[in-house]
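Chain residues, written in single-letter form:
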Amino acid sequence: MRRALLLGLLLIGCSTRATPNEAGKRVAAAPRLRLAPQPGTGSGGTAGELPDSGRSSASFVLKGGNIFGVGKQNLRIDAGRVTAVAVSVGAGDRVVDVTGRYIVPGFIDSHVHLAYDPVGDDLLTSGIVAVLDLGAPLAALKASHGALRVLNSGPMITAKLGYPTTSWGAGGYGLEVASAAAAAAAVETLFAAGVQVIKVPLTAAPTLDDTTVKAVVGAAHQHRLKVYAHALEAANAARAAADGVDVLAHTPTEPLSDATLDAWKARTVISTLSAFGGGAAAVKNLHDLRARGARVLYGTDLGNTRDTNIQAAELDLLAAAGLDGASIVRAGTSVPAEFLGLSDFGSLDVGKRASFLVLAADPTVDAHTLSEPVAVYVDGMLVSAGM
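Residues numbered from 1 in each chain as written. Predicted model: local features only at pLDDT ≥ 70, side-chain atom pairs only at ≥ 80, totals over all residues. Heavy atoms only, no water.

Asks: Which parts of the structure should I look at to understand the packing of aromatic side chains?
Replies: The description of two aromatic rings rests on the distance between their centres and on the angle between their planes. As enumerated under the stated definition, the model contains seven aromatic pairs in all. Look at Phe107 and Tyr298: their rings are 5.3 Å apart centre to centre, the planes differ by 75 degrees, and that puts the pair in the edge-to-face class. In this pair, Phe107 sits in strand 11 (residues 107-112) while Tyr298 sits in the loop between strand 20 (295-297) and helix 7 (312-320), placing the two residues 191 residues apart along the sequence. Each member of the pair Phe107 and Tyr298 is classed as buried. With a centroid separation of 5.1 Å and an interplanar angle of 65 degrees, the aromatic rings of Trp168 and Tyr173 are classed as edge-to-face. Trp168 sits in the partly exposed class, given a relative accessible area of 27%. Cluster of aromatic residues (ring-pair linked, three or more members): Tyr116, Tyr163, Trp168 and Tyr173. Looking at Arg267, its charged tip hangs above the ring of Trp264, at a distance of 4.9 Å from the centre. (Phe/Tyr/Trp six-rings, centres within 6.5 Å; stacked < 30°, edge-to-face > 60°. Helix = DSSP H or I, 4+ residues; strand = E, 2+ residues; numbered from the N terminus. Buried < 20%, exposed > 50% of the residue type's maximum accessible area, 1.4 Å probe, protein only. Lys NZ or Arg CZ within 6 Å of the ring centre and 35° of its normal.)

Following this line, the structure appears as structure tokens:
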């Protein structure tokens, strides 16, 4: 994992020699990130100092970066928000010069388990600023995660002795039910606890029957909560679609029939390809689901996986499934932000939170650069710098 530097102290990136990335290519290291002189003064402060990086009220202009989806523009940051795009640098402005760098919004991981692996601070310093936790005990809903935005499903609604209660999730990761009425009541319990989504596992027996899954879906939809299914097998992915589930929490690992692919074409799938080995069937499923119109969200099943960076292995598999670099970025930014209702995230438009990665290379050309940010800002504050 990358160590976070003391805020506001160091220059970012020094070498001019080529460095290998994980794809085996060699890319030239980018120039030094520096604090530019303030117009009219000829001085930008102490060499290497980044402006007000320890305060949420930091105000500065991010100068010369290639902003994803916008192009080369300056951004004005004030009190943790983007307050202007395409601005000129004025007299007295504090400036962070990112000329030659690429800027992308903070990433969203749509499948994690932070109660199982409490690494929220590491996610932030890697550029992951929001997550969807798809399985945690009720008590975990009260946890504080600082600047990391966390949405929750709480425990999965599952059958008696069903997944995951007899394995890794024995400590409260499942709410066991024995009837459709009990399942609907479990939805009410979770809604009252403040969850944002509902999750059900569809597995080998013991598992929920279709009547019970439909009761979960009906109760959840009354509260405008979407239902996510752990459904790795082809038969269970088909069941989930027929029962009205909204989201596949994983890309299924068995080949899907045309009928099942068609059933999911207007719905959503979370990638998690690397977590289950990245097999050819799963990669083809994601390709075919996306080709039919399914929405794809970047997700890693963190807790099952342990890499707290934007995961290079997942990026590789998304590319193998047919996503180009721009689509990969969107799968981790604007697409989940819109789908999950995270209106402060997903882009660097005016009014959005100033949470972003500074990259050495163009992620639309080489997505691996997302795993190796030069710097990460969260709400306008520098939280990590250098590798």
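Asks: Please explain the pairing of strand 4 (residues 59-63) as it appears in this structure.
Replies: Consecutive residues of a regular strand have side chains that alternate between opposite faces of the sheet. Alignment of strand 4 against strand 7 (residues 75-78), held across four bridges, turns out to be antiparallel. Counted as the bridge partner of Phe60 is Ile77 from strand 7. Where strand 4 meets strand 9 (residues 95-97), three bridges bridge the pair, whose relative direction is parallel. Residue pairing across strands places Val61 opposite Val95, the latter belonging to strand 9. (Pairing = 2+ DSSP bridges.)

Asks: Would you explain the side chain of His368 in this entry?
Replies: Within the element layout of this structure, His368 appears in the loop between strand 21 (356-359) and strand 22 (375-378). For His368, a relative accessible area of 9% translates into the label buried. A polar atom in the side chain of His368 sits 2.8 Å from the side chain of Asp316. (Polar contact = N/O pair within 3.5 Å; in protein donor to acceptor, adjacent residues only side chain to side chain.)

Asks: I'm lost on the pairing of strand 16 (residues 197-201) in this one. Help?
Replies: Along strand 16, five of the five residues are buried, which leaves the element largely enclosed by surrounding structure. Of the two faces of strand 16, the one carrying Val197, Lys199 and Pro201 and the one carrying Ile198 and Val200 are both buried. One ladder, built from five bridges, connects strand 16 with strand 17 (residues 226-230); its direction is parallel. Bridging across to strand 17, Val197 finds its partner in Lys226. Traced from strand 16 through helix 3 (residues 210-222) to strand 17, the parallel crossover comes out right-handed. (Right-handed = clockwise from strand over helix to strand, strands pointing away.)

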